[in-house]
Amino acid sequence: MTTQMQDFLEQEVERRRNFAIISHPDSGKTTLTEKLLLYGGAIHQAGAVKARRAQQHAKSDWMAMEQQRGISITSTVLQFEYKNYQINLLDTPGHQDFSEDTYRTLAAADNAVMLEDAAKGLEPQTRKLFEVCRMRSLPIFTFINKMDRPGREPLELLDEIEGELGLATYPVTWPIGSGDRFKGLYNRRTKQIHLFERTAHGSKEARATVVDIGDPQIEELLDRELYYQFKDELELIEELGSSLDLEQVQQGQMTPVFFGSAVTNFGVQLFLDGFLDYALRPEGRRSTVGDISPTHPEFTGFVFKLQANMDPKHRDRIAFVRVVSGKFEKDMSVSHARTGKTVRLSRPQKLFARDRSSIEEAYPGDVIGLNNPGVFAIGDTIYNGQKLEYEGIPCFSPEMFAYLKNPNPSKFKQFRKGITQLREEGAVQIMYSVDESKRDPILAAVGQLQFEVVQFRLQQEYGVETRLELLPFAIARWVSLGWDALEKVGRLFNTVTVKDSWGRPVLLFKNQWNLQQVLSDNPDLELNATAPVVAGREPIDFGA
């Protein structure tokens, strides 16, 4: 690569930012996503997700079931430009039943935005996803939402983050009032106060009156009691709060905190501006040949998500690829690490929820969509130049299990195709009985909603009605050393053996007590709560 090309690649990396939003359900994640798109100019009117309400659906919730229930159940990618930055927003499901999809999406993110409800503070799903971010040392930006409703004191919310997550906080914006007295925000970066005007349903950008902190007209614009309360709080955080340390932020040890109301657009643009200044640019990744920098001259990337039937008319399958290094170009041929084959990438697409458009090129930090005629699997690496593989994406221990039955034999082909494609997506894990007479797949999920999604999609997308037969298990563990290790220990009690999609042994337990009993009776048996990451092997089609 010439020096000129290398400089150009460096510039493209520098102007890219990507992030995933993590939150508990009902914190306002989809609403915030819509408003970020509004300020980024990607949409002209925001549509909040409200079940059974006659208004525009949120852009990020494109699946029929999401629109019916008013929830996010699948990750999407939304790309847009803002102030000459190319932003890749990885929208994740908030519901805990889809936390594995969220984990896979976080593998492709360089930054995370932690969204909190001002009335509820930290909630269980947020804590769980925070731990995943901490494992990857992702920079975490906090947006405390719903300040226009009655909520907890801002200082109390900061203390909770510091006490429970061990994360230093630095409030970048500070609220002036809360609930129906929420009037605006103080921006500590510019030392200016933004007093907002409401717009109808927050569908347009919020208008604001901006005044410097020392401007005497503030006392005329604000209620006197509210103004002095704000001054007291500001004095407290200036004197006792932490100083902003960008190195700590980018190592995931300090979180910049922003306050606002996504539904009214208050504080959304201030957050977006602050995020772009503080966030990490695209990072490299560890590989089998060492760390690969984004400015490495050869193209490399990895698949972190598959999605079937984004376009119901064409029954397509799309692989979501995070570009890690080099320049991606349309029609380029790449090596597929798992199979060793050469693949031509002829129809790459820019993703915007369900909408897609053809692209000619992409750079590190971007997410592209590739047509997937059964070639790609989650965790696959594609590359040019020296052979390498990026770290795989593991499967986690499911907590619910059920036989999935097809009562209509004439629909066998559609049933099998649907199960295969949904397994490839990671919508649910598929296991099988070791008893050859039992051919029905076993769905293994984190929560009940995953079962409902699988049945709904089989009906909607493949025309197959199914029924579930629940199994009385709550824990799955993979046998680390495979079938040989299992044979050595002989007969096991209080557990059932099944096989996963790669034919590996998995033990199912009814409860933690049964698991501990098996481990204490067989101290040499090594069990894992996550599936071994597979490279170079296709799943086995047990339904053949």
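Residues numbered from 1 in each chain as written. Predicted model: local features only at pLDDT ≥ 70, side-chain atom pairs only at ≥ 80, totals over all residues. Heavy atoms only, no water.

### Quick word on the sheet that holds strand S8 (residues 184-187)
Rule in force here: For two strands to be treated as a pair, DSSP must find at least two bridges joining them. Secondary structure follows DSSP: runs of H or I at least 4 residues long count as helices, runs of E at least 2 residues long count as strands, and numbering of each begins at the N terminus. To get an axis, a line is fitted to the C-alpha atoms, and for a helix only the part in contact is used. The angle between two axes follows their N-to-C directions and goes from 0 to 180 degrees.
Reading across from one edge, S7-S8-S9-S10 is the order of the four strands in this open sheet, with antiparallel pairing throughout. In the strand order of this sheet, the two ends are held by strand S7 (173-176) and strand S10 (207-212), each with one partner. Neighbour to neighbour, the strand axes of the sheet diverge by 25° on average, direction disregarded. Note that S7 and S8 share four bridges and pair antiparallel. Residue Trp-174 lies in a different strand from S8, and its bridge partner there is Tyr-186.

### Focus: the confidence of the model for the protein chain
It should be kept in mind that the predicted coordinates are not to be read in detail where pLDDT is low. We apply this condition: A residue's pLDDT is simply how confident the predictor is in it, with values from 0 to 100. Should any heavy atoms of two residues lie within 4.5 Å, those residues are counted as being in contact.
Model confidence for the protein chain is summarised by a mean pLDDT of 85, while 85% of its residues fall at 70 or above. When pLDDT is averaged over each helix and strand of the protein chain, the minimum, 48, is found for helix H3 (residues 64-69) and the maximum, 98, for strand S11 (residues 254-259). Within the model, pLDDT remains below 50 along residues 48-63, and this stretch shows 52 contacts once partners closer than five positions in the same chain are excluded. The model gives residues 69-73 a pLDDT under 50, and that stretch makes 23 contacts with residues more than four places away or in other chains.

### Points about the environment of Val-489
Using the following cut-off: For every residue, the accessible area (1.4 Å probe, protein chains only) is compared with the maximum for its type, and the residue is labelled buried under 20%, exposed over 50%, or partly exposed between those bounds.
Within the fold, Val-489 resides in helix H13 (residues 482-489). The exposure class of Val-489 is partly exposed, given its relative accessible area of 24%. Between the C-alpha atom of Val-489 and that of Asp-524, which follows or precedes it by 35 residues, the distance is 8.2 Å. Residues within four places of Val-489 in sequence aside, it is in contact with Asn-522 and Leu-525.

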